[in-house]
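Overview (structure and organization)
Now for the letters of each chain:
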Amino acid sequence: MTRRAVLVAVLGGSAALLTLVAGCVGAAILAVGDDPDEAGACRESVRVEEAKVRTDRWAPPEQLPDLGDYPEIHWQLRASGDPCGRAPGPTDWAYQGVVRLRPEDARTLAQRYGFEPYAPAGPDQAPHSGGPADAWPALAPFLPAAPRWLHSRSYDEGNPSTRWRAAFLDVEHRTLFFTLNDH
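Everything in this summary refers to the structure shown in the same document. (Residues numbered from 1 in each chain as written. Predicted model: local features only at pLDDT ≥ 70, side-chain atom pairs only at ≥ 80, totals over all residues. Heavy atoms only, no water.)

Right, let's talk about the sheet that holds strand E4 (residues 150-151) for a bit. The antiparallel open sheet is built from 6 strands, whose spatial order is E1-E2-E6-E5-E4-E3. If you trace the sheet from one side to the other, it starts and ends with strand E1 (72-79) and strand E3 (116-117), each paired once. (Pairing = 2+ DSSP bridges. Helix = DSSP H or I, 4+ residues; strand = E, 2+ residues; numbered from the N terminus.)

In structure tokens form, the structure reads like this:
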């Protein structure tokens, strides 16, 4: 055999071996990704995280501007898609929360952003999704019993605008209900 024939045989064999190894690694990755136990564990983990009512301060605070040094917050998250799916890319998340404000911060917030009386949509109007009536069950106990909700478009649309935001304020009960959505 000539030197050239040996070189072609070695290179051809190496390429075939590399293709076989890459195929095996790819098959292993797909097999792990299709593991029903792994997907089930992921979905259970997401369900547990969604059920939690968190009380840690909202971070980053710029997403809910001008709330002051509030004494209490309760919030939850929900996956808008399937974070356990095999599709590449980020999962959108929705958040809801109830913030108890200091009296002076509730009044300042209402004045600064021009909060006005909020009336839920009537039967002949499109509903305002994400309003206090749509509060998730675990957050409902933190809402005032007889609220007088105010709403401000300028607060909802103000900076930062990285998330879709809706906020409803009850000055008398010093309560802010909010929804945030990653989109």
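Read on for the rest.
A few words on helix H3 (residues 103-112). Turning to H3, its buried residues number three or more, namely Asp 105, Ala 106, Leu 109 and Ala 110. The arc that holds the buried residues of H3, viewed along the axis, is 135 degrees, so those residues lie on one side. Every exposed residue of H3 that faces more than 90 degrees away from the buried side is listed here: Gln 111 and Arg 112. Those residues of H3 that are buried lie in contact with helix H4 (153-157), strand E5 (164-170) and strand E6 (175-181). (Buried < 20%, exposed > 50% of the residue type's maximum accessible area, 1.4 Å probe, protein only. Arc of directions from axis to C-beta. Contact = heavy atoms within 4.5 Å.)

Glancing now at the side chain of Thr 175. Structurally, Thr 175 is set in strand E6. For Thr 175, a relative accessible area of 0% translates into the label buried. Looking at Thr 175, its side chain comes within polar contact range of the side chain of Arg 100, at 2.7 Å. (Polar contact = N/O pair within 3.5 Å; in protein donor to acceptor, adjacent residues only side chain to side chain.)

Moving on to the state of the cysteines. Applying the stated rule across the entire model yields 1 disulfide. Between the sulfur of Cys 42 and that of Cys 84 lies a disulfide, 2.0 Å long from S to S. The sign of the S-S torsion, about -85 degrees, decides the handedness of the disulfide formed by Cys 42 and Cys 84: left-handed. On the criterion of sequence distance, the pair formed by Cys 42 in helix H2 (residues 36-51) and Cys 84 in the loop between E1 and strand E2 (93-100) is long-range, its members being 42 residues apart. (Disulfide = S-S within 2.5 Å.)

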